[in-house]
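These are the residues of each chain, in order.
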Protein chains: 2
Amino acid sequence: MIIICNKQKLQDGISICQKAITGKSTMPILEGIYINATKEGITLIGSDIDVCIETKVDADVLEEGKVVIDSKIFGEIIRKLPNSDVRIEIIQDDTVQITCEKSVFNVVFMNADEFPSIPKLDIAKELKVSQSILKNMIKSTSFAIAQDETRPILQGILFEVKEKKLNLVALDGYRMAIKTEYLDNDFDIEVVIPGKTLNEVSKILEDIESIVNITFTNNHILFDLGETKIISRLLEGKYVNYLSLLPQEHKLLINVNRQELQNGIERASLMAKEGNSNLVKLEMNEESIIITSNSQLGKVREEVTANMQGDPIQIAFNSRYIIDVLKNMEDDNVQIEMTSSVSPCVIKGKEAESYKYLVLPVRLIR
Amino acid sequence: MIIICNKQKLQDGISICQKAITGKSTMPILEGIYINATKEGITLIGSDIDVCIETKVDADVLEEGKVVIDSKIFGEIIRKLPNSDVRIEIIQDDTVQITCEKSVFNVVFMNADEFPSIPKLDIAKELKVSQSILKNMIKSTSFAIAQDETRPILQGILFEVKEKKLNLVALDGYRMAIKTEYLDNDFDIEVVIPGKTLNEVSKILEDIESIVNITFTNNHILFDLGETKIISRLLEGKYVNYLSLLPQEHKLLINVNRQELQNGIERASLMAKEGNSNLVKLEMNEESIIITSNSQLGKVREEVTANMQGDPIQIAFNSRYIIDVLKNMEDDNVQIEMTSSVSPCVIKGKEAESYKYLVLPVRLIR
């Protein structure tokens, strides 16, 4: 193998593939980056058990070949090189030489034949969505993924195509995030993607209109971005029937400025940190929300102007769940629907119907 | 006590005082910020055993008084408030009320009488230096302070005034940093200041010409910046006779571009990380320095163009020590003086004589 490649392009490719490499695998080969040089150019692959990321890098291939190089040391070497052409050549059975201007690295490599093969995907069902929309949908929901491992299915995000809509749903037993976008496609599907995979996908996605082709098989999902392909394992099992969790009605509708509410709750929660309860109480008056909290440190009262339609309610929340929702929203004004002090509340954008959040209150002992 | 104060000014003052509060003291009162409101305005004080920082903040004092508030919660509350006037009032024996627009915090405070008094300093000897010069002198030397506690005096920086020069010196047994500036003063003095204190001082110092008045007593040093005063305990004991460590002559003088040498050593050290030895070898040729390193991962060869005067030498270093020096220098070109592969080498700016670094080589077993 002899290849010549621009340092910056190689660095960018390594950085993309490294997002798949968790270092948590028991197989040493999975700590490496697979480099496959053919006449068409070079392909880099990073992989672990859940996800596999493959990206193409422009290069002059003087001699074909393949190697697996430790991803950490390879990434550090390329990053530290001057911005010039990098030449990579197999010089011994187990050694690759990396040269760039006056730098010469001889690095031990691993046997490329030991690298696991990429799952073969029969293109069954395919849909198209823009990078920016998909990136935004993941960001809007992934914070609500369950952190504990008691129900593995909740560590994933539901990826549901239904009636020409794409729904992403995450929930953890205390809150739920639903993000919806219209799609022009002709099939329905429902899969659950590991949350940490989707978070890595969203880091690779750019805020651009380019199309991502998404292909499904029984066990895998493929995100095809063109030069880069991401294949993720799917989680087994049926996702929660999330629609049944949404309240059918509400008794109080609140219109409030998102940033003002967030600031008020954030300040109130400063006094609620003790014992990690994060408990803040909200009392709805005619024209404002009174937020209070107290602990051994002292107490706090915040007032946020709001428009109320319906019966006043007193309710308490874990402030972290409400703050997570508010700071992931984009609208300046939000609508909050409440029924009682023990019923879940629904938070959505005043105009946009494209997302919906549900937060469970904390039941207070009176 | 009743005071009204701009939020941003109060936040800046808290941030300055917090640099003294390490949270490592066994006295709970030292986790607080002392607020003293008099007709002249308010003074904030943060303190631990080694250092005490006092700063004045503009405020309207409607009623004099003093309190000590937990520095962490106080800092967080003020930082999260809107940028508006903040009112602080004692409303109960142990409670202070902080109000700002629609936010009302009641916070428990500690008894100000329990706060340790600031050391009284008889102004004995005083010298003046600009903030930017002092900041730069600390930055140029503090990285070489000893990290281990076997010789406590080496955890300090020597602050020496001699023959109208101010010398700051730090050394740890492997390397030494000396930074010198001319002063117009009429006395000599030699004290050792705890390194971590000086690091905090340098964060408060700005890159401006304003004068710092420095006053010495037997046990303390006072940095008076005008609105802010920093008092540090001095370390007891005599500092190493650092001048005796400097080689009197050299057999090889190297002129080299600082950034190129740093890049070469940084890249070479990527292969030297294994076992934390960081060992890189330097071989001086007629017109270049060949840097090599190897480990189980592989090996590397770097070449840096340099001008040589004298006998060629092969020498090995812990790369970290050389990199620390090079990245803290300002000159584009540096001079390196060497005598043998087991003698310390001296690194200085090509033009500037204001700083000098000494690095011990690693003796190689042949």
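Residues numbered from 1 in each chain as written. Chains lettered and ligands numbered in written order. Predicted model: local features only at pLDDT ≥ 70, side-chain atom pairs only at ≥ 80, totals over all residues. Heavy atoms only, no water.

- Going by an unreviewed UniProt entry, chain A carries the name Beta sliding clamp and comes from Clostridium paraputrificum.
- According to the UniProt record, the Subunit (unreviewed entry) comment for chain A reads "Forms a ring-shaped head-to-tail homodimer around DNA." (UniProt positions renumbered as here; feature names shortened; annotations may be inferred.)

As for the domain arrangement of chain A
Residues and elements named next belong to chain A.
- Taken domain by domain, chain A holds domain 1 (2-114), domain 2 (125-244) and domain 3 (247-359).
- Relative placement of domain 1 and domain 2: their C-alpha centres are 29 Å apart.
- Opposite the 10 residues of domain 1 that make contact, domain 2 presents 12 residues.
- Taken together, the two surfaces of domain 1 and domain 2 that pack against each other cover about 1,100 Å², and 50% of this comes from carbon and sulfur.
- The tally of links from domain 1 across to domain 2 stands at two salt bridges.
- Linking domain 1 with domain 2 are six residue pairs in polar contact (both at pLDDT 80 or more), by the criterion used here.
- A per-class count over the side of domain 1 that touches domain 2 returns five nonpolar, one polar and four charged. (Domains from an automatic or database assignment. Contact = heavy atoms within 4.5 Å. Buried area = accessible area lost by both parts, 1.4 Å probe. Salt bridge = Lys/Arg side-chain N within 4 Å of Asp/Glu carboxyl O. Polar contact = N/O pair within 3.5 Å; in protein donor to acceptor, adjacent residues only side chain to side chain. Nonpolar A, V, L, I, M, F, W, Y, C, P; charged D, E, K, R; others polar.)

Comments concerning the sheet that holds strand β15 (residues 211-216) of chain B
All names here are of chain B.
- Within the open sheet, the eight strands sit side by side as β6-β2-β3-β4-β17-β16-β15-β10. Their pairing is antiparallel. The open sheet terminates on both sides in strands that have one partner only, identified here as β6 (65-70) and β10 (125-130). If you compare each strand with its neighbour and ignore which way they point, the axes differ by 20 degrees on average.
- Across five bridges, strand β2 (residues 32-38) lies against strand β3 (residues 41-47) in antiparallel orientation. If you follow A37 over to β3, its bridge partner there is I42. (Pairing = 2+ DSSP bridges. Helix = DSSP H or I, 4+ residues; strand = E, 2+ residues; numbered from the N terminus. Axes fitted to C-alpha atoms, helices over the stretch in contact; angles between N-to-C directions.)

A look at the state of the cysteines
- Per the stated rule, a full pass over the model turns up zero disulfides over all chains.
- The closest cysteine sulfur to the non-disulfide-bonded C100 of chain A is located on C5 of chain A, 11 Å from its own sulfur. (Disulfide = S-S within 2.5 Å.)

What to know about the interface of chain B and chain A
- Listed per partner, the contact involves 27 residues of chain B and 27 residues of chain A.
- Here chain B packs against chain A, burying approximately 2,500 Å² in sum over the two surfaces, 56% of which is carbon and sulfur.
- Remark: the boundary between chain B and chain A carries two salt bridges.
- The salt bridge involving K80 of chain B is made with E266 of chain A; its shortest N-O contact spans 3.4 Å.
- Put simply, chain B and chain A have 18 residue pairs in polar contact (both at pLDDT 80 or more) between them.
- At the level of elements, α2 (71-80), β9 (103-108), α5 (258-269) and β21 (298-310) of chain B are the ones that each hand at least two residues to the side of chain B that touches chain A.

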